[in-house]
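Structural description and commentary
One-letter residues, chain by chain:
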Amino acid sequence: MVRHTIMWKFKPSDGRTPKEIAEDIKERYQSILGIVPGLKDVEVGINRNESATSYDAVLIEDFDSWQDLAAYKADPIRDELSKYIDSVVEVRARVENER
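Presented here is a report on the structure given in the accompanying data block.

With that out of the way, let us pick up the environment of Gly34. Inspection of the secondary structure puts Gly34 in the loop between α1 (18–32) and β2 (41–46). Assessed through its relative accessible area of 71%, Gly34 is described here as exposed. Separated by 24 residues in the primary sequence, Gly34 and Val58 place their C-alpha atoms 20 Å from one another.

What follows is the structure, given as structure tokens:
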């Protein structure tokens, strides 16, 4: 199994707070589960700790293989979601690992 994890810090966008953006992104990711091939499980955790070193949200996705992760990254639905996130992200950190 392959795990894809991303942490984000969001910039305020369109009058929305980073927490509101995180809630929106959570809904968007939950909506693609079962639609985008290869994605076995998805979780978006929204941070409740407001320290200076905290990130606003974390995305945790599971795939059966590296090939499934590659197919997921090439999917047009996921690509549109990624473009949206790029427009609201200030900082991100990513880890991809085998479980």
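The next point concerns the packing of aromatic side chains. Aromatic rings in a pair are described by how distant their centres are and how their planes are angled relative to each other. Using the criterion set out here, one finds 3 aromatic pairs in the structure. Ring centres of Trp8 and Tyr29 lie 6.2 Å apart, and the angle between their planes is 25°; this geometry places the pair in the stacked category. Taken together, the residues Trp8 in strand β1 (residues 2–10) and Tyr29 in helix α1 connect sequence positions 21 residues apart. Comparing Trp8 with Tyr29, the two get one shared label, buried. An aromatic cluster is built from Trp8, Phe10 and Tyr29, whose rings are joined through pairwise contacts. Sitting over the ring of Tyr55, Lys9 keeps its end group 5.2 Å from the ring centre. Directly above the aromatic system of Tyr84 lies the positively charged group of Arg28, at a separation of 3.8 Å from the ring centroid.

Let us look at the side chain of Ser54. With respect to the helices, strands and loops of the structure, Ser54 is situated in the loop between β2 and β3 (57–63). Within polar-contact distance, the side chain of Ser54 engages the backbone oxygen of Asn49 at 3.2 Å. At 2.8 Å, the side chain of Ser54 and the side chain of Ser51 are in polar contact. Setting aside residues up to four positions removed in sequence, Ser54 forms contacts with Lys9, Asn47 and Asn49.

Quick notes on the rules
Residues numbered from 1 in each chain as written. Predicted model: local features only at pLDDT ≥ 70, side-chain atom pairs only at ≥ 80, totals over all residues. Heavy atoms only, no water. Helix = DSSP H or I, 4+ residues; strand = E, 2+ residues; numbered from the N terminus. Buried < 20%, exposed > 50% of the residue type's maximum accessible area, 1.4 Å probe, protein only. Phe/Tyr/Trp six-rings, centres within 6.5 Å; stacked < 30°, edge-to-face > 60°. Lys NZ or Arg CZ within 6 Å of the ring centre and 35° of its normal. Polar contact = N/O pair within 3.5 Å; in protein donor to acceptor, adjacent residues only side chain to side chain. Contact = heavy atoms within 4.5 Å.

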